[in-house]
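Here is how the chains run, residue by residue.
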Amino acid sequence: MNSSHLTTRAAREGSAPGSGKPVLEVEHLSTCFKTDQGVVTAIDDVSFELYAGETLGIVGESGSGKTVTSKSIMRLLSEHLSFQKEGSVVRFEGKNLVTATEDEMRNVRGARIAMIFQEPMTSLNPVFTIGWQLDEALKYHTKLNRAERKQRAIEMLELVEMPNAKRRFDEYPHQLSGGMRQRVMIAMALCCEPDILIADEPTTALDVTIQAQILRLMDELKSKLNTAIMLITHDLGVVAQTCDRVLVMYAGRVVESAPIAQLFDAPRHPYTKALLSSIPKSGRREHGKRLPTIEGLVPSLFHLPPGCRFAARCAYRDAHCDAVEPELTDAGPRREVRCHYPLEAPEAN
Amino acid sequence: MAKFMQQRGVKKLLKDRLAVVSMWVIGAYLLVALGVLVGNLFTEGGLKSETELRIGPDNVPGAWATQSAEARLRDATFYLDSIKKASRGSDPAAAYAALEWGSDRLPAWKPDRIESEIIEPADEISTALADHRELEGNVEALALLDRLEQVVRARIGASHDESGNAQRSAGQSFRMLLGTDRQGRSILVRAIYSTKVAVQIGVVSALISVLIGTILGAAAGYFGGVVDVIVVWLYSTFSSIPWIVLLMVLASAFRGGDWDGTLIPVYAAFCLSFWISPCRVVRGEVMKLKELEYVQAASAIGFGRARILFKHVIPNTAHLMFINFSLLFIGAIKAEVILSFLGLGVKNEPSWGVMINHAKAEVLNGFFWQIGTATVFMVILVLAFNTLSDALQDAFDPKHV
Amino acid sequence: MWTFILRRLLYNVPVYLGILALLMGALRVNDPISGKLGKNPDPSDYLALEQRYGLDQPFAVQYVKLLGDVVTLDFTDVESWTNDGLFVGEMLAESIVPSLAITVPALCLTSVLAISIAIISAFFRGRPVDKTLMVLAVVGMSVSFLVYVIFGQYWFAYLLGRGSGLSYFAIGGYESGLANWPYYCLLPVLISTFVAMGYDTRFYRAVMVEESGRDYITTAKAKGATKTKIMFVHMLKNAMIPIITRIMTTLPFLVMGSLLLEVYFNIPGMGRVLYKAIQEQDFPVVQTFVAIFAALFILSNILTDVLYALVDPRVRLS
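Since the model is a prediction, treat every value here as computed from it, not as a measurement. (Residues numbered from 1 in each chain as written. Chains lettered and ligands numbered in written order. Predicted model: local features only at pLDDT ≥ 70, side-chain atom pairs only at ≥ 80, totals over all residues. Heavy atoms only, no water.)

## Re the overall build of chain A
Scanning chain A from terminus to terminus reveals 12 helices and 13 strands. The buried share among the 349 residues of chain A stands at 54%. Long-range pairs, those at least 24 residues apart, make up 69% of the contacts in chain A between residues at least 6 apart in sequence. Here chain A has roughly 15800 Å² of accessible surface; of this, 50% comes from carbon and sulfur atoms. (Helix = DSSP H or I, 4+ residues; strand = E, 2+ residues; numbered from the N terminus. Buried < 20%, exposed > 50% of the residue type's maximum accessible area, 1.4 Å probe, protein only. Contact = heavy atoms within 4.5 Å. Areas by Shrake-Rupley, 256 points an atom, 1.4 Å probe, with all protein chains shown as cover.)

## Some details on the overall build of chain C
Scanning chain C from terminus to terminus reveals 15 helices and zero strands. Every one of the 318 residues in chain C was classed for burial, and the buried ones make up 50%. Put simply, of all contacts in chain C between residues at least 6 apart along the chain, 71% involve residues at least 24 apart. For chain C, the computed accessible surface area is about 14400 Å², with 67% contributed by carbon and sulfur atoms. Averaged over its 24 positive side-chain charges, chain C has a centre that lies 20 Å from the centre of its 23 negative ones. (Lys, Arg positive; Asp, Glu negative; His and termini not counted. Charge placed at Lys NZ, Arg CZ, Asp CG, Glu CD.)

## Quick look at a nonpolar patch on the surface
Together, Leu31(B), Leu34(B), Leu37(B), Val38(B), Leu41(B) and Phe42(B) make up an exposed nonpolar region whose accessible area comes to about 660 Å². By the secondary structure assignment, Phe42(B) is in helix H2 (residues 17–42). (Patch = residues over 30% accessible without salt bridge, like charges linked within 9 Å, V, L, I, M, F, W, Y side chains within 5 Å. Salt bridge = Lys/Arg side-chain N within 4 Å of Asp/Glu carboxyl O.)

## Some points on the interface of chain C and chain B
If you look at the interface, chain C gives 47 residues, while chain B gives 42 residues. Note on chain C versus chain B: buried area summed over both sides is about 4000 Å², and carbon and sulfur give 73% of it. At the surface where chain C touches chain B, the tally comes to one salt bridge. When the shortest N-O distance is used, the salt bridge between Asp390(B) and Arg202(C) registers 2.7 Å. Put simply, chain C and chain B have eight residue pairs in polar contact (both at pLDDT 80 or more) between them. Sorting the residues of the side of chain C that touches chain B by element identifies helix H1 (2–27), helix H6 (128–142), helix H7 (145–159), helix H8 (181–212), helix H11 (253–256), helix H12 (259–264), helix H13 (270–279) and helix H14 (283–311) of chain C as the ones contributing at least two each. (Buried area = accessible area lost by both parts, 1.4 Å probe. Polar contact = N/O pair within 3.5 Å; in protein donor to acceptor, adjacent residues only side chain to side chain.)

## Side note on the arrangement of the chains
The protein chains that touch form two pairs of chains, and the pair with the most contacts between them is chains B and C. With respect to C-alpha atoms, chain A approaches chain B no nearer than 10 Å, and the pair has no contact.

## Re the sheet that holds strand S7 (residues 113–116) of chain A
As a general point, the strands of a sheet are linked pairwise by backbone hydrogen bonds and lie either parallel or antiparallel. All names here are of chain A. Read from one edge to the other, the open sheet built from eight strands follows the order S7-S8-S9-S3-S10-S11-S13-S12, with strand pairing classed as mixed. Edge strands, defined here as strands with exactly one partner in the open sheet, are S7 and strand S12 (329–330). Relative to strand S13 (residues 336–337), strand S11 (residues 253–259) runs antiparallel, the two being bridged by two bridges. Bridge pairing in S13 places Glu-256 opposite Val-337. Along the sheet, helix H11 (residues 270–277) contacts strand S3 (55–59), strand S10 (245–250) and S11; its crossing angle with S10, the most-contacted strand, is approximately 105°. (Pairing = 2+ DSSP bridges. Axes fitted to C-alpha atoms, helices over the stretch in contact; angles between N-to-C directions.)

## Some thoughts on the packing of aromatic side chains
Scanning all chains against the criterion turns up 28 aromatic pairs over all chains. With 5.3 Å between their ring centres and 75° between their planes, Tyr222(B) and Phe223(B) make a pair best called edge-to-face. Both rings, one in Phe329(B) and one in Phe385(B), keep their centres 4.2 Å apart while their planes meet at 20°; by these two values the pair is stacked. Taken together, the residues Phe329(B) in helix H16 (residues 318–341) and Phe385(B) in helix H18 (residues 369–396) connect sequence positions 56 residues apart. The ring centre of Phe123(C) lies 4.4 Å from the NZ or CZ of Lys227(C), which sits over that ring. Here Arg246(C) stacks its cationic end above the ring of Phe203(C), 4.4 Å away from the centre of that ring. (Phe/Tyr/Trp six-rings, centres within 6.5 Å; stacked < 30°, edge-to-face > 60°. Lys NZ or Arg CZ within 6 Å of the ring centre and 35° of its normal.)

## Some details on the interface of chain C and chain A
Of the residues lining the interface, 24 residues belong to chain C; the matching set on chain A comes to 31 residues. Ranking the residues of chain C by area buried against chain A places Lys221(C), Ala222(C) and Lys223(C) at the top, with a combined share of 27%. At the junction of chain C with chain A, the criterion picks out one salt bridge. Taking the shortest distance from any N to any O, the salt bridge between Glu136(A) and Lys223(C) comes out at 2.7 Å. At the junction of chain C with chain A, the criterion picks out 11 residue pairs in polar contact (both at pLDDT 80 or more). Among the secondary structure elements, those contributing two or more residues to the side of chain C that touches chain A are helix H9 (215–223), helix H10 (227–250) and helix H15 (313–317) of chain C. Examining the composition of the side of chain C that touches chain A, we find that seven residues originate from one element, H9(C), more than from any other. Here the side of chain C that touches chain A is built from residues that sort into eight nonpolar, seven polar and nine charged. (Nonpolar A, V, L, I, M, F, W, Y, C, P; charged D, E, K, R; others polar.)

## Here we look at the nonpolar core
Counting residues in hydrophobic clusters, the biggest one holds 142 residues, and the most contacted among them are Ile201(B), Phe270(B), Leu342(B), Trp352(B), Tyr16(C) and Ile191(C). When residues of this core are assigned to their parent elements, the largest contribution, 15 residues, is made by H18(B). Among all residues touching Ile201(B), those that are not within four sequence positions of it are Ala206(B), Leu263(B), Val266(B), Tyr267(B), Phe270(B), Ala332(B), Glu336(B) and Val346(B). Counting residues in hydrophobic clusters, the runner-up holds 96 residues, among them Phe48(A), Met115(A), Cys191(A) and Ile294(A). (Core = buried A, V, L, I, M, F, W, Y, C linked by side-chain atoms within 4.5 Å.)

## Describing the domain arrangement of chain A
All names here are of chain A. Domain annotation of chain A identifies domain 1 (1–103 + 196–280 + 291–343) and domain 2 (119–191). Centre-to-centre, using C-alpha coordinates, domain 1 lies 29 Å away from domain 2. Summed over both partners, the interface of domain 1 with domain 2 buries about 1100 Å², with 73% contributed by carbon and sulfur atoms. Our enumeration of links across domain 1 and domain 2 arrives at one salt bridge. The salt bridge involving Glu-161 is made with Arg-216; its shortest N-O contact spans 3.4 Å. Summed over the shared surface of domain 1 and domain 2, the number is three residue pairs in polar contact (both at pLDDT 80 or more). (Domains from an automatic or database assignment.)

## Some remarks on the packing of H13(C) against H14(C)
Residue and element names in this part refer to chain C. The interhelical angle for the contact between H13 and H14, taken along N-to-C directions, is 140°, at an axis separation of 8 Å. One element, H13, and the other, H14, form an angle in the oblique class. As for the relative orientation of H13 and H14, their crossing is left-handed in sense. Of the residues in H14, those in contact with Met-270, Val-273, Leu-274, Ala-277 and Ile-278 of H13 are Val-285, Val-286, Phe-289 and Val-290. Taken together, the residues that form the contact of H13 with H14 break down as nine nonpolar, no polar and no charged. (Parallel < 35°, antiparallel > 145°, perpendicular 65-115°, else oblique. Left-handed = near helix turned anticlockwise from the far one by under 90°.)

## Things to note about unusual backbone geometry
Phi is positive for Asp45(A), which is not a glycine, with a value near 55°. Its location among the elements puts Asp45(A) in strand S2 (residues 38–51). The backbone of Asn59(B) shows a phi angle near 50°, a positive value even though the residue is not glycine. Note on placement: Asn59(B) falls in the loop between helix H3 (46–51) and helix H4 (69–87). Asn59(B) sits in the buried class, given a relative accessible area of 7%.

## Observations concerning the pairing of strand S1 (residues 22–35) of chain A
All names here are of chain A. As paired elements, S1 and S2 share 10 bridges and run antiparallel to each other. Each bridged residue has a counterpart across the sheet, and for Leu-29 the counterpart in S2 is Val-46. If you look at the hairpin formed by S1 and S2, you'll find two residues sitting between the two strands. Where S1 and strand S5 (residues 89–92) come together, four bridges link them in antiparallel fashion.

## With respect to the environment of Arg153(B)
Residue and element names in this part refer to chain B. Position of Arg-153 among the secondary structure elements: in the loop between helix H7 (139–151) and strand S1 (159–160). We classify Arg-153 as partly exposed; its relative accessible area is 26%. The spacing of Arg-153 and Ile-118 is 35 residues in sequence and 9.6 Å in space, taken between C-alpha atoms. The residues touching Arg-153, leaving out its near neighbours within four places in the chain, are Asp-75, Ala-76, Tyr-79, Leu-148 and Arg-168.

Here it is as structure tokens:
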């Protein structure tokens, strides 16, 4: 499969960052929710590492557990409606965030790991000014005085290329457009220079042109501030433009992880392959041919099959797939795949 | 899509155990009310006459309560006095036969036997008892009291054995179960009868209000323009007068007219102030529905506007109608109590409001059973409706504040 | 801002005109003078009264007169029918203070308590504390106002301190002066607070719960804000919008809202004056009091809108 049009970012893969020690290690993270119909496991045994200066993409359909993963790391899920299974570890600076105290978590949130969200329209508090909301983060995590904080906030707004930063400081969120609000969110997330930025579908709600600007901005800031980014998205196009490495999730499980170029060139999991082939290919439309889609639905988390979770929709399935769930196994350098019959890696080209 | 949502709501509602229990409770009340209504039609003089019947002394507590010696003496004296009063007339035999407390009456004895077996010994004991100032803890006096009750009260019943001892009827025991009010009437009978009044007021006023509100609200939301302006003006106007004042003004406007003494002024007052909230909610919902695809599609196909409104839009506000109905039902029952207190509510019939209002003087003397009974009857019904409307809102409108 | 206020004022003018028409119409369904004189009055008496009170004039003239009275706040020429020589202006002046002496403290107390309980409940959402509070609220809501009044009076005014011969609360009545306030007014205030608690707590909790599910709360949490900061700064300021509306819509009821309490405790406030006027068919008093009340209601609606605009930056500009 040729996906060269998507691999602009991946072309830099050769000099990929991510050597050395990871900043964040997630091991066997499982998060369960208590619902009316019983306990449901939203993400099951998720493990990965994030290295400094790297952009890790987490891809999957809605309901695959991408957002739950990020919110579990930040511990933003309701404490009496959800819990992590025994043995879940989110190691950050030698500490397990899953068992950290609320005080310890507060010092991590915003200061060391920051987050931006999908809906810039509702993620900012409507009754406080932009300045107030930027100031709040600085107040919690720095020792700057009031004037210094204001100066820093304005600097940050300028850094995210906010026009008229000084004036915007005193404006309310409803006076800004969606793209500008997302810039404010980014400024807010980065103002304490965090080690990790988790971006949960940061561009989904934005226009395509604004989307490109925001992605470019994040990329620039990443190299400027040497922040590791965890980018959660369902859009493989976005992944292609920005990520170094990708984690593909399906029904609460990691099904494949790979460096970007390898994933696009040679997906090893049938689900990844199906995802890639459902992207429209610009410039080479095959007339009269329908864009392939993945038949069927993601299984309900309440009624998971005993075997492979993708089996019902998989073109390569057999009886073994229905009976036994595959393990996540190594499939080359820094590659893992969860499949009994991983697709063959094509000849090197 | 909308139908699907509705079904999901219904399913969710039926899964909510509290909601199901409250529906059963409401059903039971409706049955009781229906029973009273039917009974009223098919019994002579109606069950209503039963509520006015004197069944014994005043302020007798319920069957479970142990009465103080003073209260027992008072009750025995009440019966004795009525018997003595009958004996003083020109035709004691007829007067004795006419004595009735509910279904209780004296044994069918000749007047001289009643004189010698009841009145004379009872008088003797009463005189002896009068020497004792303190009854409580006074063994001698209590023995006398027991004998007095033996002589008087044990003779009173629906049927009698050969020696004239009473066999109290089931009906009378039932009537006395929760005691009597200030006029010796059965509290239980009145409370049960009041269920009919409450359900009647609740159903009629909530139903009419919801209908008026839904039609006006749907028309305003759907047609917009002048219709909307008029409806909004109308409800802004009505809601600028607090309901209690509106009720008072309306109730007094009806006073002296042909409908005075009926429930019609009460219905009218409730409907005129209650239609506002369903109207407001339905208008908002219809404005939202109007933009939905299937409604747009229906109008693109060329369905008439009225047809779309009644076939597609109004049915989709059904959940709002239910929620408002149950809220207004509660409102009506509670408002009835206040109107009755103000002397503008139910007349010529007992109702919980009338009972609570009557009871306010009794409370100072420590007689709680009337206010207690009326309150418990009312609280259970209102609580059931409150629970149900919460469940309805959860099931159909999870984002409701 | 001023144009905003002016616009709201103009918008409410037709509403008020409607209320007056409705009110005057309703009060004339049964001829007020026949009500006063009985079923078969002497025609000359009837005419004399009709002329004296201006009821012989066309509806429009009477309408303009009432509107003029309300606009100029001058009720000195409106004579009561049942209190000889008393004018509505005086009755209003005398009754307004006792009314406010009960309703203002009651509103403050209710709001503070209900909002606090709602915050506690929302803070412990889904846990036993919350569940218990909400069950209490629903049960409390299901009991009639009158029952609270009757038992409140019985326990606190009648039983409390009876053993030692002391009386902490009056059974009824009213004396002016701050020193007399606790004795006469505190009990009605407490009862009224207790009655309103159920509704208000549930409403405020729902508002809090709604706010707590908003995205900006997650943002604040991700920023490292403490739970208390989130509750009292982020959430409460947003929740202020519905809270203010709720409080403002009850403001006009301050004047007549405690009608039942005033009647029961014999407090000579506006509610009781109106009640008595309706009982005695004191037509001009009823008409004027309701007209004043509706005017207050509309003014407070406008005030709510203005306050809205002050709290919510989104309203200010639109």
